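Remarks on the overall topology
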Amino acid sequence: MAEFTFGVTVMPRKEVLDTQGRAVEEALKREGEPVLSCRVGRFVELKVSASDRKQAEVTAKKVAESLLCNSLIETFTLGEANG
Amino acid sequence: MGQDTRDNAELDRKLRHYRLSRDEHRRIVGLIGREPQGVEWALFSALWSEHCSYKSSRVHLKGLFNQSPRVLQSFGENAGVVDLGEGERVAFKMESHNHPSFIEPYQGAATGVGGILRDIFTMGARPIALADYLCFGRPEAKRMEKLVDGVVRGIGGYGNCVGVPTITGQTEFDESYDKNILVNAMAVGLFRPGEKVFLSKASGVGNLVVYAGAKTGRDGVHGASMASESFDKESEKKRPTVQIGDPFFEKLLIESSLEVMEQDLVVAIQDMGAAGLTSSSFEMAAKGGVGFTLHLDRVPLRDATLEPEDILLSESQERMLMVVEPSKLERLQALYHRWGLDAVAIGEVTKDRVMRLYWKGDLLTSIDPDLLVEHPPRYERAYESWKPKHRITDGPVLMASGLKVGEELLKLLGSAEGASREFIYRQYDGHVGASTAADCRESVGVVRLKDSGRGLGVVLGCRPYLMRFDALEGGRDTVAYPSLELAAKGFEPLAMTDCLNFGNPERLEVMTSFVAALGGMNELARELVAPIISGNVSFYNETEGRNITPTPSTGLVGLRRSVEELPTSNFTQAGHEVFVVSTSKIFEFGGAFAEKTKLEPRAMGAIDRDSVKSLVTSLLAVEAGGFIQASRVVGKFGLGYALSRMALGGVGAEVNGHSFAELFSERLYEVVIATSLSREDFEKQWATASGGSAPIRYLGRTGGSILKIGSDVELTVQELTTVYHRGWVQSFPNLAVNV
Amino acid sequence: MAKSIGKSVVGVIRFPGTNCDRDVFEAVSKLGGEPRWLWHGDLFDHKEYSALILPGGFSYGDYLRSGALAARATAMKSVREAAVYGTPILGICNGFQILCEARLLPGALSRNQGLRFIDEWVELKVVGGLSRFGQNAKVQTASGLRIPIAHADGRYTVSVDEANRLEDRGQVWLRYKVNPNGSVADIAGVTNEAGNVSGLMPHPERALETWMGSSDGRALLDLWS
C-alpha cells in the first residue's frame with residue numbers, strides 16, 4: 001500500500017446563500033479594499049492509503065461526498081494538497 | 001390521442017406541479033372567471049397551500065378560545081400580544097419547521113428559529129426568549145444521531161448569534177418520529193412601556209411598498225406547498241434549494257427594524273416567511289382592503305437569472321416587507337444603510353383592491369388579493385367523535401409484578417426518554433440579555449421584565465405518550481400540565497400559543513385525533529383563562545404512509561410578582577417538609593412506564609377541568625405566601641421518577657413507602673412540594689388556600705445524600721446523578737457530553 | 001490620569017453582531033458608571049473616556065475567525081490609541097477575541113476542545129497579576145467567583161513557552177478552577193504588558209444579582225463605583 005495526498009476544496013453551492021462570504025465581502029468593501037466579491041469555503045488535506053492512485057481517488061471522493069461536503073449546500077473539488 | 005385528452009394531461013401535469021387539485025382548479029376558474037395564467041398559478045399554489053391557507057383546519061380553529069381582557073392581538077397577525085399591565089406587553093408565537101429539518105437539520109432548525117424571531121420583532125417587540133419543542137425518533141433509527149446533532153447545533157447556531165436566550169425546551173423520542181422529526185420553535189418578545197405595536201395591515205393610498213433586508217435567491221421556491229404534502233422518496237428529488245439562515249444578518253435586521261419602528265417610519269410591516277413575497281404582499285393588502293402595484297424587477301436579487309415566479313415564491317431568509325410614507329423613505333433607507341442593509345421601494349399602495357404585478361414594464365397579472373387570501377377552499381375533513389379506550393373501573397392501572405422499584409427507577413433515569421438533556425441545552429446561550437432568572441435546568445424558564453422587575457415564565461406542553469394513549473386527555477394535558485408547572489413556581493398562566501403537528505388530515509384517524517385534541521386543549525384553555533392567541537398547524541407529517549404521533553405542542557406564558565426566591569425544581573436544603581398536593585378528581589393511567597415496558601394499557605377517570613383550576617389557584621395562593629421552596633409537577637414515569645429528579649440537586653429525602661403502581665403510574669394531577677414551614681403550618685396554609693378543593697398528602701422530609709422511599713428504595717444522590725447523565729451518552733454514544 | 005475626567009465615562013463599543021452591548025451598558029450604569037455608546041464605524045476621542053468595554057456577541061457572525069473582522073473596524077484605531085495612552089480597556093468574550101485579533105492582547109481563542117458551544121456556570125480564580133481589573137477584583141474576592149460562560153471559541157491558545165512568559169510577567173489574571181474548553185493553563189483571562197488592556201471569556205454582566213444565579217460579576221466590573 002502506498003500513501004496519496006489530496007486537497008479537497010469545499011465551497012458553498014453557487015445558488016445557495018454564502019453567509020460567510022457575504023459578511024467578509026462587506027467588511028472588506030467597507031474598508032475600501034478593491035474587492036469585487038468573496039466566497040468562503042474550506043480546504044481539507046487528506047492522506048489516503050491505497051494500492052494505486054486510482055483507488056486512492058475513489059476513497060478520497062467517497063470521503064468527500066459522505067462527510068467533508070454536504071451536497072445539499074456545498075460542492076467539492078479534488079485536487080493536489082497545498083504543500 | 002384527442003385534443004381533450006391532451007389538454008387534460010397538460011392540466012394534470014400543471015396541477016401536480018403547483019400541488020393543486022382538480023376541485024381547487026374549478027374553484028379558481030369560478031372565482032376569476034377564466035383559466036389562471038402565468039404567475040397566477042404560482043400565486044394560487046402558494047396561498048392555497050395547507051401551510052398558508054389552513055384549509056383543512058380553519059373550520060376547527062374558528063371556535064378556539066382566543067380572547068381575554070389581557071389579549072391585545074390574537075390570530076391573524078404575525079404573533080399574538082398580551083397585556084401584562086404596568087405598560088409591559090409580550091408578543092409570542094410558536095411555529096414548526098419539521099420537513100426542512102429532516103432534509104437538512106442544521107439549516108432547517110436554524111431557519112425555523114430565524115422565522116419565528118422575525119414574526120416577533122416584525123411587530124416592534126424585542127425578542128427576549130426562545131424555547132424549543134423537539135421530537136426525535138429512536139436513537140438507533142437511521143440518521144437519528146446526525147439529526148439530533150444537526151438540529152441542536154442549528155438552534156444554537158442561530159439563537160446564540162442573534163443574542164436571544166433559549167430558556168426552556170422539551171425533547172421527546174419515539175419510533176413514530178423516526179422518519180419525520182418535529183422541530184417547533186417559540187419566541188417571546190417584549191414591548192416596554194411606551195413602545196408601539198406594529199401590524200401588517202396596509203394603508204394609505206400612494207404609500208410605498210418597501211423591501212428591506214437580504215437579497216432574493218432561489219432558496220426554498222415552492223417550500224410552502226412542499227410543507228403541505230406527505231413525505232416520500234420523491235420529496236428528495238423535488239426538494240427546493242435549501243434555505244440558508246444567516247443569524248448575523250438577522251441580528252442587523254432586528255436592530256435596524258426596531259430602530260425604524262421606534263422612529264415611527266413605517267405604516268405596516270410583515271416579514272417574508274413561507275411563500276415569501278407572495279404571502280406577505282397579498283396578506284398585507286387583503287388585510288388593509290387595498291391593492292399594491294409591485295415591480296418585481298425592482299426586487300434585489302442574489303441570482304440574476306431568477307424569473308418572476310421564483311421571485312414570488314422564494315423563501316430567502318431575513319427579508320421584510322413594509323408600507324412607508326413617501327416622505328419617510330429617505331430616513332428609513334439611511335437608517336437601514338447604517339446597519340449595512342438595503343431598503344428599496346418596489347411598489348405602492350393603490351385604492352382599488354387589485355394586486356398589479358409588473359416585470360420590466362409588462363403587467364403579469366392584476367388580481368383581487370381577497371380571492372387568494374380570503375377565499376381558499378375550506379375542507380371539512382371527515383372525523384369521528386372521540387371514544388375513550390382502555391378504561392377500567394377498578395385499579396390498579398399498572399399491573400406489574402416481580403419488578404424492583406430501585407432498579408426500575410435507575411433504568412428510567414438512564415433511558416433516552418428519562419435521561420438528562422444537558423447535552424442539548426448546554427449548547428444554547430441561556431443568559432444573553434442578562435435577564436434570565438431560570439434557564440433550561442429548571443422546569444419553567446424565567447426572564448425578568450426590566451421595567452417592572454416582575455418575572456415572565458415560559459413553559460412548553462404536550463406529552464406524546466399521553467397523546468398516543470388518548471388524544472382527548474392528551475389535548476387537555478397540553479394546557480393543564482404546563483399551567484400547573486407555572487403555578488407551582490408562582491406564575492399565573494396568562495395565554496398560550498400552539499403548534500399542531502399532525503399526520504395526513506385526509507385520513508380519518510388523524511382528523512379524529514386532531515378534533516379531539518383541539519377540543520381538549522380548548523376546553524382547558526377556556527377554564528384556565530389561558531387564551532390561545534397564536535399558533536400554527538403542521539399537517540402531512542406522514543412519511544411513507546406512517547403518521548406521527550398526534551403532537552399538539554403548546555407554549556404558555558405566566559406572570560409572577562418578582563424573580564426573587566423562585567421555587568427550584570430540586571431539593572436544595574435539608575429539613576424541608578415534602579408533600580404531594582393533587583386535583584380532587586384524578587385521571588390515572590399506566591403512563592410512560594406502561595408504554596415503555598409494554599404493559600397492558602389501562603386508565604381510570606378523566607382530566608377534570610374544575611379540579612385543575614382549583615389546584616392552579618391553590619398553588620398560586622400558597623406560593624405567593626413564600627411557602628414553596630421547591631416544586632415539581634409529577635409527569636412522565638410518575639411519582640418515583642419525579643422524586644428522583646428532585647434529588648439531582650444534591651440533597652436527598654426520606655419519604656413514605658408506596659406500592660409499585662403508586663410510584664410508576666401517572667395520576668393527573670399531582671405536584672410535589674418542599675416547604676420550609678413545619679408540617680402542621682403548611683397543611684394549615686394549604687387548607688386555607690385550597691378550601692379543601694385540592695387534597696394534600698404528607699410524604700416526608702429532605703436531607704442527607706440518599707433518596708429513601710419506604711423500605712424499597714435507597715439510592716444515593718451520586719448514583720442517581722451519574723445514571724441520569726450517563727443515560728444520554730449511552731443513547732447517543734457519538735454525541736458525548738463533556739469532551 | 002483617566003480618572004481626572006471626573007464622573008466615570010465608559011465607552012461601550014458596538015460592532016455589527018455584538019449582542020451583549022445593552023447588557024454591558026446597563027451593568028455599567030447599575031454599578032455607578034456613565035456608559036456611552038461608541039459605533040464601530042466611527043473614530044472617537046479616547047480622552048473623553050475613562051474606560052472602554054468591548055462587549056460579547058458574534059461580531060460579523062464570527063465568520064472567518066471570531067473577532068477577525070471586527071478587529072479591523074474603524075473604531076479600533078481609536079481603541080489602539082487608548083491602549084497606548086493607558087486607558088483601561090476590557091474585552092468580554094467576543095470582545096476578548098477582538099482584542100486578540102487586533103494584537104492588543106497576546107494569544108488567540110480557538111474552537112473549544114469539545115467543538116461545541118458551551119453555556120455553563122464556571123468557578124473562577126482571580127489571579128490578579130498586572131491586570132487592573134484583576135487587581136481590583138482580587139481585593140474583593142478571596143474564595144473565587146461563580147460566573148457563566150457562553151462561547152464556542154474560548155480555548156485560549158498560545159505556545160507553552162509563551163504561556164510561561166505570560167505567567168512570569170503577570171499577564172494571566174483569571175483562571176478556570178475546572179477547565180471547560182481546553183484553554184492552555186486553564187487561562188480564562190489575560191492582560192497586556194502594561195496591565196491596562198484585559199480580556200476574559202466569562203460574562204460578568206450576567207452575574208450581578210442573586211436572582212441571576214450569582215452576583216460575583218460585580219467584582220470584575222466594579223471599576224467605577
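All values derive from a computational prediction rather than experimental measurement.

Check the secondary structure of chain A and you find two helices and three strands. Taken from the N to the C terminus, the helices and strands of chain A come in the order β-α-β-α-β. Radius of gyration (C-alpha) of chain A: 16 Å, far over the 12 Å computed for a compact globule of 83 residues. Relative to its full complement of 83 residues, chain A shows a buried share of 20%. Sequence-distant contacts, at least 24 apart, represent 65% of the contacts inside chain A between residues at least 6 apart.

Secondary structure summary: chain C contains six helices and 11 strands in total. The globule rule puts the C-alpha radius of gyration for 225 residues at 17 Å, and the 16 Å found for chain C is close to it. Counting over 225 residues, chain C shows a buried share of 61%. In chain C, the proportion of contacts linking residues at least 24 apart, taken out of those at least 6 apart, comes to 77%.

What tends to happen in soluble globular proteins is that the nonpolar side chains get buried as a cluster. Counting 315 residues, the largest nonpolar core has Val-266, Met-322, Val-323, Leu-484, Leu-643 and Val-671 of chain B as the members making the most contacts within it. Looking at this core, the element that brings in the most residues is helix H20 (residues 508-527) of chain B, giving 10 residues. Val-671 of chain B has contacts with Leu-484, Ala-488, Val-580, Val-581, Leu-619, Ser-631, Val-633 and Val-634 of chain B, leaving out every residue within four places of it along the chain. Core analysis: the second largest hydrophobic core is formed by seven residues, Phe-6, Ala-56, Ala-60 and Phe-76 of chain A among them.

So, about the pairing of strand S28 (residues 706-709) of chain B. All names here are of chain B. Strand direction decides the pairing type here: strand S25 (residues 653-655) and S28, joined by three bridges, are parallel. Looking across to S28, one finds that Ala-653 is bridged to Leu-707. Looking at chain direction, S28 and strand S29 (residues 713-716) are connected through four bridges and run antiparallel. Of the residues in S29, the one forming a bridge with Lys-708 is Glu-714. Linking S28 to S29, which pair antiparallel, is a turn of three residues; within it Gly-710 sits at a positive phi near 50°.

With seven residues of chain A at the interface, the matching set in chain C holds six residues. Residue composition of the side of chain A that touches chain C, grouped by class: four nonpolar, two polar and one charged.

This next bit is on the pairing of strand S9 (residues 291-295) of chain B. Residue and element names in this part refer to chain B. By the bridge criterion, four bridges tie S9 to strand S11 (residues 343-350) in an arrangement that is antiparallel. By the bridge assignment, Leu-294 is partnered in S11 with Gly-347. Both S9 and strand S12 (residues 355-359) contribute to a ladder of three bridges, which runs parallel. Residue pairing for S12: His-295 is matched across the bridge by Tyr-358.

What follows concerns the interface of chain C and chain B. Chain C puts 23 residues into the contact, and the matching count from chain B is 25 residues. Among the elements of the structure, strand S6 (118-126) and strand S7 (145-151) of chain C are those that each provide at least two residues to the side of chain C that touches chain B. With three residues, the top contributor of residues to the side of chain C that touches chain B is S6 of chain C. Residue classes in the side of chain C that touches chain B are distributed as 11 nonpolar, six polar and six charged.

With that settled, the discussion passes to the confidence of the model for chain A. Mean pLDDT for chain A: 90, with 98% of residues reaching 70 or above. Mean pLDDT across the secondary structure elements of chain A bottoms out at helix H1 (residues 19-30) of chain A, with 90, and peaks at strand S1 (residues 2-12) of chain A, with 94.

This part is about the sheet that holds strand S1 (residues 71-73) of chain B. Residues and elements named next belong to chain B. What the six strands build is an open sheet, ordered S1-S2-S3-S6-S4-S5; its pairing is mixed. In this open sheet, the two strands that pair with only one neighbour each are S1 and strand S5 (166-173). Strand-to-strand, the axes of this sheet are offset by a mean angle of 20°, without reference to chain direction. Two strands pair when backbone bridges link them, and strand S4 (residues 126-136) and S5 are joined in this way by seven bridges, in the parallel orientation. Its bridge partner being in S5, Tyr-133 is matched across the sheet by Gln-170. Sheet contacts for helix H7 (residues 105-121): strand S3 (88-96), S4 and strand S6 (182-191); angle to S6, the most-contacted strand, approximately 30°.

Attention shifts here to helix H3 (residues 94-101) of chain C. Count 3.6 residues to each turn of an α-helix, and residues three or four apart come out pointing the same way. All names here are of chain C. The element H3 is largely enclosed, with a buried count of eight among its eight residues. Turning to H3, its buried residues number three or more, namely Asn-94, Gly-95, Phe-96, Gln-97, Ile-98, Leu-99, Cys-100 and Glu-101. Turning to H3, the residues buried within the fold contact strand S3 (51-54), strand S4 (89-92), strand S5 (108-110) and strand S11 (197-200). Positive backbone phi, approximately 65°, marks Arg-103, located one or two places after H3.

By definition, the strands of a sheet pair up through backbone hydrogen bonds, in either a parallel or an antiparallel sense. All names here are of chain A. The three strands lie next to each other as S2-S1-S3, forming an open sheet whose pairing is antiparallel. Taken across any chain shown, the strands that pair with only one partner, and hence form the sheet edges, are strand S2 (42-50) and strand S3 (74-79). The mean angle between the axes of side-by-side strands here comes to 30°, regardless of whether they run parallel or antiparallel. Note: S1 against S3, six bridges, orientation antiparallel. What sits directly across from Pro-12, in S3, is Glu-74. Where helix H2 (residues 53-68) meets the sheet, its contacts fall on S1, S2 and S3, and the angle it forms with S2 comes to roughly 135°.

Conventions adopted
- Residues numbered from 1 in each chain as written.
- Chains lettered and ligands numbered in written order.
- Predicted model: local features only at pLDDT ≥ 70, side-chain atom pairs only at ≥ 80, totals over all residues.
- Helix = DSSP H or I, 4+ residues; strand = E, 2+ residues; numbered from the N terminus.
- Rg over C-alpha atoms; globule rule 2.2 N^0.38 Å.
- Buried ≥ 20, exposed ≤ 12 C-beta atoms within 10 Å, placed from the backbone.
- Contact = placed C-beta atoms within 7 Å.
- Core = buried A, V, L, I, M, F, W, Y, C linked by C-beta atoms within 7 Å.
- Pairing = 2+ DSSP bridges.
- Nonpolar A, V, L, I, M, F, W, Y, C, P; charged D, E, K, R; others polar.
- pLDDT = per-residue confidence, 0-100.
- Axes fitted to C-alpha atoms, helices over the stretch in contact; angles between N-to-C directions.

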